[in-house]
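# Architecture at a glance
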Amino acid sequence: MNTRTGALDAVVFGVDIQSGDVRGDAPSYALVVFDGEAIERDVVSLRKLRRLIDDVEPSIVATDNMYELAEDKDALVHFLGTLPDETTLVQVTGAEQPEPLSRVASRHGVPYGKEPMKEAEAAARLAAANVGQEVSAFTDTTEVKVARGRSTGGGGGWSEDRYTRRIHGSVKQRARAVESELDDAGLDYEREVTEKYGGFSQALFTVSARPQDIPVSRMRSGDVRVEIERERRDGIEFRPLAKRRDHVVVGVDPGTTTAVAVVGLDGEVLDVYSSRTVDAAGVTEWIVERGRPIVVAADVTPMPETVEKLRRSFSAAGWTPDSDLAIDVKQHRTREEGYDNDHERDAMAAALGAYDDHADQFERIAEKVPPREDVGEVTARVVAGGESVESVLDDLADDGGDGDEQTEHTPRELTEEEKEIKRLRARVERLEGHVDDLEGTIQQKDDQLAEKERELSQARSEERREVRKDREVTRLQRENERLERELEAEREDREALESKLERLKGLWKLDHSNFADVSEKQEGLVSVKVIEQFTSDAIATADEAVGLVEDDVILLRDASGAGRSTAQRLAAVNPQIVLRNGGLSDVADEILFEHDVPVAPAEMVTVQEVDELAVAREHEVEAAIEDWEERAEARKREQNAELVDQIISEHRADRPES
């Protein structure tokens, strides 16, 4: 909220267009720099004006027409966005329908001339005297964004993973630091984060405060950047620069978020404010800066206790509706006003409702009050004090008597000076009594304020504990969900393993210290060791996994392609039998036959497998061996016969012809 209540002692820039047009090329401006006493004058370009504003950071840039600085609404919003946080643009001639600068200057006793430099000086002096409307395109809500300062793209691999994790970790660390700073400042905010590998890729804080009230600065350093941007309004808004002490109607919406609205006796909404952290003393101070309440109103009935206490502190009249105001009624009554949240809307609806009920009374009082009297003072005493208009006017006039003659029984007519002294003395007595009452009230309020500060400190500590508790609960819930997912996966794996175990128990029991040893109690089953391919590497892999020993039953899933050395390596194991899938090469078949290693098609034996384990029926294995032995005997006879034939042929070839 703007807290200016008197003449400014900060720097004010008065600006008026000197030549050209902002819609054309290179306009120049008459610039007056006013600090309350000294005045500097210059003619500058638009670019130099903006540079001076950035360098000096004046409290106010004052002009009689804001569109002399921007060609249209969008350009004006951009201009407002480039102003320093502590600088405001003020149109000294009013809001949407400005008055001529000459009339405003004349009304406030400010020197005026038609030259651009004179108009710039008049604008500066008027703004320094709190005359004009502050031009705003932004709300009191600010977005603070913590994001990556560089791209995570790279060449890939482990180095890129570490690089990405480092950047996201830096963003998360800076986001936590920003959150801590906002908490320490007691600011109300909402946080939204985007979690990525290793931390955050972005954290967005929506803070209910202006940038200058936030203890965080824009920065860009290495892996992280911090951006600060005020939330833009739907349009341009005007707010009175001066915080007047006129008599006003006040609407209050109490609660976790307290909202206050101030309405003038003409029905105009002068200001509205809301906060989650303000206490009763802060609300009172804010109202005092803006006027003297005649009526304090609420939008519900009966009046809440906090609003009633506020009403009594101002000795104002109270107002509540016959029944709680409905939302559609409040929306309709405030449809032409600007507000940031529902609490401000409710406070405005209460103030405007009270004004509507008293509007006729205000008008009747104003008609009866002579031009020389303060209408607001009379209205306050009639509405809040219950006096009649006539008695108030008589009291203010405080005439001593009307007799034309002085007699022994008739006091003489007082002179104007004596009348003034009498009125002033009566006023002093009333004010002194009022001061005594106020001092007692101040002491009571100080005690209440100290108590509220203690309660607020405790409430903030409790709120921080609750926030930490909620965060921990959320983290534990996520961890619990992750563990439940892992548990479900483990249960599925266990069920699969139990099924495999049951199948395994039905086949055989093995001593894991010697995989080749099958118990005699296994109902005629023998173990089978599987070799995936008839290669040296596959034989070595099987040997390392289950151990290949003499008299093993070996199953070759693919028997093709083996050479001499591979066949010799398998023959060296001296297996009981080799069950093959597919055909053996001639070389491998010959090597195994020479080493008396039985070989049979895998189809002759029923092999049952569970994972890497396999068994076969012993009688089928024996039958396959017997079949091989028969074939081997026939093969040997055939080889012997071929050998005899070869010897005879060689003998005949060597015998000389007769």
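Look up a bit, the structure's there.
Notes on the structure follow. Since we're looking at a predicted model, the values are computed, not measured.

Calculation criteria
The residue count restarts for each chain, going from 1 along the sequence in the order it is written. In view of the model being predicted, local features appear only for residues whose pLDDT reaches at least 70, and side-chain atom pairs are presented and counted only at 80 or more, with totals across whole chains, interfaces and linings using the full set of residues. To obtain the side-chain values, all non-hydrogen atoms of the structure were used and water was disregarded. Think of it this way: any DSSP run of H or I at least four residues long counts as a helix, any run of E at least two long counts as a strand, and we number them from the N terminus. Think of it in three bands: residues with accessible area under 20% of the maximum for their type are buried, residues over 50% are exposed, and the middle band is partly exposed, with areas taken using a 1.4 Å probe on protein chains only. Residue contacts are counted whenever heavy atoms from the two residues lie within 4.5 Å of one another. Computed with a 1.4 Å probe, the accessible areas rest on the Shrake-Rupley method; for each residue, only the protein chains presented here act as cover. DSSP calls a pair of strands paired once it identifies at least 2 bridges connecting them. All axes are obtained by fitting lines to C-alpha atoms, using only the stretch in contact for helices, and the reported angles, taken between N-to-C directions, cover 0 to 180 degrees. Roughly parallel covers angles under 35 degrees, roughly antiparallel covers those over 145, roughly perpendicular covers 65 to 115, and oblique covers all other angles. Each residue is assigned to one class: nonpolar for Ala, Val, Leu, Ile, Met, Phe, Trp, Tyr, Cys and Pro, charged for Asp, Glu, Lys and Arg, and polar for all the others, Gly among them. Definition used in this section: a nonpolar core is a set of buried Ala, Val, Leu, Ile, Met, Phe, Trp, Tyr and Cys residues joined via side-chain atoms within 4.5 Å. Throughout this description, the term salt bridge denotes a Lys or Arg side-chain nitrogen within 4 Å of a carboxyl oxygen of Asp or Glu.

## Topic: the overall build of the protein chain
Regarding its fold elements, the protein chain presents 16 helices and 21 strands. For the protein chain, the residues scored as buried account for 38% of the 658 residues in total. Relative to all contacts within the protein chain whose residues are 6 or more apart in sequence, the contacts with residues 24 or more apart total 62%. Here the protein chain has roughly 38300 Å² of accessible surface; of this, 44% comes from carbon and sulfur atoms.

## Overview of the pairing of strand β11 (residues 247-253)
Among the seven residues that make up β11, seven are buried, leaving the element largely enclosed by the rest of the structure. Neither face of β11 is open: one carries H247, V249, G251 and D253, the other V248, V250 and V252, and all of them are buried. Across five bridges, β11 lies against strand β14 (residues 292-297) in parallel orientation. Of the residues in β14, the one forming a bridge with V248 is P293. Looking at chain direction, β11 and strand β12 (residues 258-264) are connected through six bridges and run antiparallel. Paired with V248 across the two strands is G264, which belongs to β12.

## A short note on the packing of helix α15 (residues 586-594) against helix α16 (residues 618-654)
The N-to-C vectors of α15 and α16 enclose an angle of 100 degrees; their axes lie 12 Å apart at closest approach. Relative to α16, the element α15 is oriented roughly perpendicular. Counting all contacts with α15, which are made through D589, E590 and F593, the residues of α16 involved are W628, A632, R635, K636 and Q639. Residue classes in the contact of α15 with α16 are distributed as three nonpolar, one polar and four charged.

## A few points about the environment of P111
Tracing the backbone shows P111 in the loop between α3 (101-107) and α4 (116-128). For the pair P111 and E121, spaced ten residues apart in sequence, the C-alpha to C-alpha distance is 8.4 Å. Among residues more than four places away in sequence, those in contact with P111 are A122 and R125.

## Focus: the sheet that holds strand β15 (residues 317-319)
The five strands lie next to each other as β13-β12-β11-β14-β15, forming an open sheet whose pairing is mixed. Looking at which strands have only one partner, the edges of the open sheet turn out to be β13 (269-275) and β15. Recorded for the sheet is a direction-independent mean angle of 25 degrees between the axes of neighbouring strands. Relative to the sheet, helix α6 (residues 280-288) contacts β11, β12, β13 and β14, its axis offset from that of β12 by approximately 20 degrees. The sheet strands contacting helix α9 (residues 342-368) are β11, β12, β13, β14 and β15, and the helix crosses β11 at an angle near 140 degrees.

## Some remarks on the side chain of T164
Structurally, T164 can be placed in helix α5 (residues 157-184). The buried category is assigned to T164, whose relative accessible area is 12%. Look past the residues within four positions of T164 in its chain and what remains in contact with it is T152 and Y197.

## Concerning the nonpolar core
Counting 30 residues, the largest nonpolar core has V263, V295, I365, V378 and V383 as its most contacted members. Of all the elements in the fold, those that place two or more residues in this core are β12, β13, β14, β15, α9, α10 (375-383) and α11 (389-397). Examining the composition of this core, we find that ten residues originate from one element, α9, more than from any other. Core analysis: the next-biggest nonpolar cluster, separate from the first, contains 26 residues, V44, F79, L89 and A137 among them.

## Some remarks on the pattern of salt bridges
What the rule picks out here adds up to 45 salt bridges. A salt bridge links E121 to R125, with the nearest nitrogen and oxygen atoms 3.1 Å apart. Note that E121 and R125 are positioned in helix α4 at a spacing of four residues, about one turn of the helix. When its relative accessible area of 28% is taken as the criterion, R125 is described as partly exposed. Among the ionic pairs, E486 bridges to R482, the shortest N-O distance being 2.4 Å. Separated by four residues within a single helix, E486 and R482 lie in helix α12 (residues 416-507), roughly one turn from each other. The partly exposed category is assigned to R482, whose relative accessible area is 31%.

All we've got here are geometric facts, nothing functional implied.
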